[in-house]
Amino acid sequence: MSIGSEMKSVGEVMAIGRTFPEVIQEALRMLDIGVHGLDPEAFEFEDLEDSLSNATPLRIFAVAQALQRGITVERIYELTRIDPWFLRSIEPIVRVHRELKEKSPPFDEATLREAKELGFADRKIGQLTKAQRGSIRTERKRLGIAPHLAQIDTLAAEWPANTNYLYSSYHARATDVAPSWRKKVMVLGSGAYRIGSSVEFDWCCVNALKAARELGYETLMVNYNPETVSTDYDECDKLIFNEVSFESVLEIYEREQPYGVVVSMGGQLANNLAIRLHRAGVRILGTSAESIDMAEDRHKFSALLDQLGIDQPRWEQVTDVSVAEHIVERLGGYPVLVRPSYVLSGAAMSVAQEKNELLRILARAKAVSPEHPVVISKFETHARELEIDAVADGGEIVLWAICEHVENAGVHSGDATLVLPPQSLYIATIRQARKIAQALAKALHITGPFNVQYLAKLNSVKVIECNLRASRSLPFVSKVTGNNFVAEAMRRMLGVARPVENHSIDLDYVAVKAPMFSFSRLVGADPMVGVEMASTGEVGCFGDNLHEALLHALLATGFKVPRKGVLLSLGPLTDKYWFADQARELSQEMGLKLFATHGTAEALRTVGIECTELAKRPEDGAITGMDAIKEGLVDLVINIPIEYDELGRPDGYHIRRQAVDAGIPLITDLQLAQAIIEALRHRKVNDLPILSWDEYAERRPVTLK
């Protein structure tokens, strides 16, 4: 993907150090793209000079590879127009990278110190020298090589700085601020904003810090995102602007000696460090690292569900790609869901519709998480999805809230439209979900926040997954219910209990959380939602009922009410007839002209609904779906895929892409389309009441004494 004057990024990192080589290596690790620094061998480039001439997110690695191949700084400057000062600063990184491949422990002090001052991580040094895991750290300690915490000089050296704003550097020869005697809590942040990890975890980290401070603890924050509130140095007693990695966290922990470390508020990044930090002697606050590992490892968690007698989609572990087809047959055929372990927001998690797609997904899953098993499970079609956010103390739930998804299962929870309190779930379904959450809390001895996701079909509830950390919906349920789930979780993790009133089902209003997508910025991307998260933001809105709350949320994401016509492409035959009532409402009640693809038009006419049939290709002057969008005949597109090619790609791509590029609202989920049309039927946008959050908060239930 090329980059240029149009912004495409959804987040950023900030590395602080004393030399450019030190910070560029640290910053690249912070991106969490699978590299351990500026590695000239990390990526392959078919045409190196072209990769230098044209800006891409990987061009910095092309620069390093060019230097490794002996291309001069002058030539690289001609191709990139990157200032030669930066290029010459990268040269020593490439040189030491080459030299380390020819060395092995034990090292002399000069070699190891130079590598650390150039920003090489212990893990990368170990890989290059083929050293045993953990041995580089031991070697550093033996030679007395350690980073020190330096203050950001907020007074430009005109006066002695006195600030709690710190960074770590191997160039520093002493620590500027000595550890205090107070009892401390260290909170690990979520790092870069990206799809699946954004403001929600920042909110969780900040509220955790505030709760700990209220209990008298000194608070330490470790994070590296310049956009976040958690990296404002007035939010905590000591802000350490540093990499959230095993190496850096362990160094800070040993220097500061906090009472414990919180890994459950910073999303997947912090959670993934739990087991290694625990084995290194770090005290993890709240739920144990062993329980976190059991929930994150797909195989272990599925085995636990079987042991507890909790229903789940049928699954098998994949250890050899060659037997994947046989596993699919035993599970009952396609579609199947491929689920790696320890991943963020469904990364490398996909639904396979046929064999070739399954093999591609397995290859990608292995690349994302090579140290953990991959599980294939039967993908449940036409099932509802719901989730519970909760706080537990010693295995007992003290706070909980259940949200239902408007969309059927198959849409990632971060891309789904969430409703709280649930409006269409059976009471029996809610009871089952609550009972399962309690059983998991007890079995995993949870103390702190957790989230469980379920499938519900014919009043049968199955568990999809359980995250023993704050979820991206935790701020939403906190604001809707009036109970700060994060603050309560932090108090419980620090051993402080108090009576809590839980109101999440009996609210006198409805709230909807809707996703925000950036497909218009991603040229050529198929604007489809699925099991891998794609949204880059979200909104939350209130209303007296579902229709009102849903319309408020849609309008907040930029949705425009259709005034001209609607393009319908409705997927399988059953969906075409199932949507007939809504199509009739669009045409007869709302006065919108309907344009439909061939199969959809045929089905609609069968039930007496008039529409203009669209041709697949421009033949004999017939109008196509692309023409209808280009000529402004429609201002809403409802496109539900029906078929998949041999690579598993859904049809209708060109219509979806054209809609996004034209700025026309696009709906690719049938349940959401129905909900939107019903909302537009019952409420006029111009008549929607606008109330403050406080006015809704006043309606919350009060416990009678």
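Below is a short write-up of the structure. (Residues numbered from 1 in each chain as written. Predicted model: local features only at pLDDT ≥ 70, side-chain atom pairs only at ≥ 80, totals over all residues. Heavy atoms only, no water.)

1. What to know about the overall build of the protein chain
Phase 1: Along its length, the protein chain carries 27 helices and 22 strands.
Phase 2: Scaling as 2.2 N^0.38, a compact globule of 705 residues should have a C-alpha radius of gyration of about 27 Å, and the protein chain matches this with 27 Å.
Phase 3: Referenced to the eigenvectors of the C-alpha coordinate spread, the extents of the protein chain come out at roughly 85 × 75 × 60 Å.
Phase 4: Counting the 705 residues in the protein chain, one finds 56% classified as buried. (Helix = DSSP H or I, 4+ residues; strand = E, 2+ residues; numbered from the N terminus. Rg over C-alpha atoms; globule rule 2.2 N^0.38 Å. Buried < 20%, exposed > 50% of the residue type's maximum accessible area, 1.4 Å probe, protein only.)

2. Concerning the sheet that holds strand E2 (residues 165-169)
Across a sheet, paired strands are connected by hydrogen bonds in the backbone, their directions being either parallel or antiparallel.
Phase 1: Strand order across the open sheet formed by six strands is E1-E2-E5-E4-E3-E6, with mixed pairing between neighbours. Strands at the two margins of the open sheet, each flanked by one partner only, are strand E1 (148-151) and strand E6 (260-262). Averaged over all neighbouring strand pairs, the angle between strand axes comes to 30°, with direction disregarded.
Phase 2: Where strand E3 (residues 184-188) and strand E4 (residues 218-223) come together, five bridges link them in parallel fashion. Following the sheet pairing, Lys184 is matched in E4 by Glu218.
Phase 3: Contacts between helix H10 (residues 246-256) and the sheet are confined to E1, E3, E4, strand E5 (238-241) and E6, with E3 contributing the most and set at about 170° to the helix. (Pairing = 2+ DSSP bridges. Axes fitted to C-alpha atoms, helices over the stretch in contact; angles between N-to-C directions. Contact = heavy atoms within 4.5 Å.)

3. A closer look at the packing of helix H9 (residues 199-214) against helix H19 (residues 485-493)
Phase 1: Taken N-terminus to C-terminus, the directions of H9 and H19 make an angle of 50°; their axes are 8 Å apart at the nearest point. Relative to H19, H9 is oriented oblique. Of the two possible hands of crossing, H9 and H19 adopt the one that is right-handed. For the pair H9 and H19, contact is made by Trp203, Cys204, Asn207, Ala208, Ala211 and Ala212 and by Val486, Ala487 and Met490, respectively.
Phase 2: Among the residues making up the contact of H9 with H19, the classes are represented as eight nonpolar, one polar and no charged. (Parallel < 35°, antiparallel > 145°, perpendicular 65-115°, else oblique. Left-handed = near helix turned anticlockwise from the far one by under 90°. Nonpolar A, V, L, I, M, F, W, Y, C, P; charged D, E, K, R; others polar.)

4. Looking at the pairing of strand E14 (residues 448-457)
Phase 1: For E14, the tally of buried residues reaches nine of 10 residues, placing the bulk of the element in the interior.
Phase 2: Of the strand pairs in this sheet, strand E11 (residues 384-393) and E14 are connected by nine bridges, and their pairing is antiparallel. What sits directly across from Arg384, in E14, is Ala456.
Phase 3: Of the pairings in the sheet, the one linking E14 to strand E15 (residues 460-467) comprises seven bridges and is antiparallel in character. Looking across to E15, one finds that Asn451 is bridged to Asn467.
Phase 4: Hairpin connection from E14 to E15: two residues lie between these consecutive antiparallel strands, with Leu458 at a positive phi of about 55°.

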